[in-house]
Amino acid sequence: MVKLPEVFGLILCEQFRVDPKTHRVSLDGLFTSLRFSLFPSLPIQVTAYAALFDGRGEGEMRLTCTRLETEEEFYYHSKWSSFPTHGHTTHYTMTIQRMVFPAPGRYAFTLSFDHKPLTTCFCDLRRS
């Protein structure tokens, strides 16, 4: 039986790291807005992080990025995921190596599991 996990936010950052000695998690370069001198933007690395608690089952985890002005879903990334252990928190990340934003404006990043939305965060893009 599949049980959707509880989500403790969706955070955008440049990089997710785990210290091999202490096992502490770090999110480097957190952002809620970005500035670019030209659009489409130059490619950047974007990591989406969410702490997921108590999910059960397996299925497709998908991150979509939608340009809200046009409601165009211009990017998505998916991978098969499972939640094998009941009652645990999972540090879940998806890294986009070369994200290119088409225009300034507000963008929504949505994380879903088997086409059921879990959480959304927003990013504002401006000209510098």
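Residues numbered from 1 in each chain as written. Predicted model: local features only at pLDDT ≥ 70, side-chain atom pairs only at ≥ 80, totals over all residues. Heavy atoms only, no water.

### Focus on the nonpolar core
Among soluble globular proteins, nonpolar side chains are generally buried collectively. Counting 28 residues, the largest nonpolar core has Leu-10, Leu-12, Met-61, Phe-101, Phe-109, Leu-111 and Leu-125 as the members making the most contacts within it. Of all the secondary structure elements, the ones that give two or more residues to this core are strand S1 (6-13), strand S4 (33-36), strand S5 (44-53), strand S6 (57-67), strand S8 (89-99), strand S9 (105-113) and strand S10 (116-127). (Core = buried A, V, L, I, M, F, W, Y, C linked by side-chain atoms within 4.5 Å. Buried < 20%, exposed > 50% of the residue type's maximum accessible area, 1.4 Å probe, protein only. Helix = DSSP H or I, 4+ residues; strand = E, 2+ residues; numbered from the N terminus.)

### Details of the pairing of strand S7 (residues 72-83)
By the bridge criterion, eleven bridges tie S6 to S7 in an arrangement that is antiparallel. Pairing of Met-61 across the sheet is with Lys-79, part of S7. (Pairing = 2+ DSSP bridges.)

### Considering the environment of Glu-6
For Glu-6, the location among the structural elements is in strand S1. For the pair formed by Glu-6 and Pro-40, sequence separation is 34 residues and the distance between their alpha carbons is 35 Å. Apart from the residues lying within four places of it in its own chain, the contact partners of Glu-6 are Ala-51, Leu-52 and Phe-53. (Contact = heavy atoms within 4.5 Å.)

### A closer look at the pairing of strand S2 (residues 15-18)
Summarising the sheet, S2 and strand S3 (residues 25-28) pair through four bridges and their orientation is antiparallel. Residue Gln-15 lies in a different strand from S3, and its bridge partner there is Asp-28. What sits between the antiparallel neighbours S2 and S3 is a turn of six residues, in which His-23 has the positive phi angle 65°.

### Focus: the confidence of the model for the chain
Across the chain, the average pLDDT comes to 94, with 100% of residues at or above 70. When pLDDT is averaged over each helix and strand of the chain, the minimum, 91, is found for S7 and the maximum, 98, for S4. (pLDDT = per-residue confidence, 0-100.)

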